[in-house]
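Report on the structure
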Amino acid sequence: MSEEHKMTKQDKLVLGVTLAAIFGGVFLLGFIGLIINLSS
């Protein structure tokens, strides 16, 4: 790993998109599971 720990704007964008995708995916799966459980 490099000595510099500065985050560029692109790094922050990529990190934000990644976290949003993970959170959104988990939320979506949980929401779908909830709907399936309530409807059956």
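See the structure printed just above.
Below or above, wherever it landed, is the structure these notes cover. Model, not experiment: these values are computed from the prediction. (Residues numbered from 1 in each chain as written. Predicted model: local features only at pLDDT ≥ 70, side-chain atom pairs only at ≥ 80, totals over all residues. Heavy atoms only, no water.)

When you go through the chain residue by residue, the secondary structure sums to one helix and zero strands. Considering only C-alpha atoms, the chain reaches an extent of 55 × 20 × 5 Å along its principal axes. Counting only residues that meet the buried cut, the chain has 0% of its 40 residues in that class. Element-wise, carbon and sulfur atoms account for 72% of the exposed surface of the chain, whose accessible area totals about 4,100 Å². (Helix = DSSP H or I, 4+ residues; strand = E, 2+ residues; numbered from the N terminus. Buried < 20%, exposed > 50% of the residue type's maximum accessible area, 1.4 Å probe, protein only. Areas by Shrake-Rupley, 256 points an atom, 1.4 Å probe, with all protein chains shown as cover.)

This brings us to the packing of aromatic side chains. Under the defined criterion, the tally for this structure stands at two aromatic pairs. Ring geometry for phenylalanine 23 against phenylalanine 27: centres 6.4 Å apart, planes inclined by 15°, an arrangement best described as stacked. Of this pair, phenylalanine 23 and phenylalanine 27 both sit in helix H1 (residues 9–39), separated by four residues, roughly a single helical turn. You'll find phenylalanine 23 and phenylalanine 27 in the same group, each marked exposed. Judged by relative accessible area, which is 53%, phenylalanine 27 ranks as exposed. Through successive ring pairs, a cluster of aromatic residues spans Phe23, Phe27 and Phe31. (Phe/Tyr/Trp six-rings, centres within 6.5 Å; stacked < 30°, edge-to-face > 60°.)

As a further point, take a nonpolar patch on the surface. Taken together, Phe23, Phe27, Phe31, Leu34, Ile35 and Leu38 make up a surface patch of nonpolar side chains, about 700 Å² in accessible area. By the secondary structure assignment, isoleucine 35 is in helix H1. You can call isoleucine 35 partly exposed: its relative accessible area is 44%. (Patch = residues over 30% accessible without salt bridge, like charges linked within 9 Å, V, L, I, M, F, W, Y side chains within 5 Å. Salt bridge = Lys/Arg side-chain N within 4 Å of Asp/Glu carboxyl O.)

Bringing the environment of glycine 24 into the picture now. Relative to the helices and strands, glycine 24 is located in helix H1. Glycine 24 sits in the partly exposed class, given a relative accessible area of 31%. Between the C-alpha atom of glycine 24 and that of methionine 7, which follows or precedes it by 17 residues, the distance is 24 Å.

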